[in-house]
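# Notes for the structure review
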Amino acid sequence: KIAKVSHLQIQEATRQAAQAQDRHNELVLLHRQQVVDLESRRRVASVSAWWVICRTATEDSPTDSWGILLSNQGPNAGMLYDVSVQAIANQMAKPELKFEHLPPGQYFVESAGTGWNFPEPVHLRNHYDPVMKSHKHHITQISFADPLGDRWRWEPHDGVQRDDKS
């Protein structure tokens, strides 16, 4: 027995099928965006900075120097761009520390008076003691662009957030 279907019923079924396909496409796009966001968050979560005292392990002239250890490492670390670090030293704002590129790795940037020395890769021959209890020395912000061009900002109370200001 063949059921009779009106022209209006066919149009309604076609409309509903198109709506279902549109909703499916929206969900697929949303899922793809969530995957990209998750990968971006994983990549940027590996960026951090903290004050350290670098103890140079040479017997001739052992020296201690204060500075920032800037880290971009982990399984998802990648090249970062337009990096800016803002820090407080002795309860005073230091000049912004800027890098065009930050490859994966760890870098020591010595504090030099009111400015900064050139960043150096962390050396195994040196010992870096983290400065954890000082109220006079801390990082106030790290901002950067990831390889996809998205801007990110880390602040102590908010953690890593997409930087919608730029």
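All values derive from a computational prediction rather than experimental measurement.

What follows covers the pattern of salt bridges. Inspection of every chain in the model, using the stated rule, returns 9 salt bridges. Between arginine 55 and aspartate 129 there is a salt bridge, with its nearest N and O atoms 2.4 Å apart. Taken together, the positions of arginine 55 in strand β1 (residues 47-56) and aspartate 129 in strand β9 (residues 126-130) put the pair 74 residues apart, joining distant regions of the chain. Across the pair aspartate 163 and arginine 153 runs a salt bridge, and its minimum N-O distance is 2.7 Å. Of this pair, aspartate 163 sits in the segment after β12 (159-162) while arginine 153 sits in strand β11 (residues 151-155), and the two are 10 residues apart along the sequence. The buried category is assigned to aspartate 163, whose relative accessible area is 13%. Three or more residues are tied together by salt bridges with common partners; here these are Arg55, Asp64 and Asp129.

On to the environment of valine 28, then. Here valine 28 is to be found in helix α1 (residues 7-44). Looking at valine 28, the relative accessible area reads 30%, which means it is partly exposed. Measuring from C-alpha to C-alpha, the distance between valine 28 and aspartate 82 comes to 32 Å, with 54 residues separating the pair along the chain.

Each value, and the rule that gives it
The numbers attached to residues start from 1 for each chain and follow its sequence in the written order. Where totals are concerned, whole chains, interfaces and linings use all residues; where local detail is concerned, this predicted model gives features only for residues with pLDDT of at least 70, and gives and counts side-chain atom pairs only at 80 or more. No hydrogens and no water enter the side-chain calculation; it runs on all heavy atoms of the structure. One speaks of a salt bridge when a side-chain nitrogen belonging to Lys or Arg is within 4 Å of a carboxyl oxygen belonging to Asp or Glu. The way it works is that DSSP assigns letters per residue, a run of H or I at least four long becomes a helix, a run of E at least two long becomes a strand, and they are numbered from the N terminus. For every residue, the accessible area obtained with a 1.4 Å probe (protein chains only) is divided by the maximum for its type, and the residue is called buried under 20%, exposed over 50%, and partly exposed between those limits.

Function cannot be inferred from these measures alone, as they are strictly geometric.
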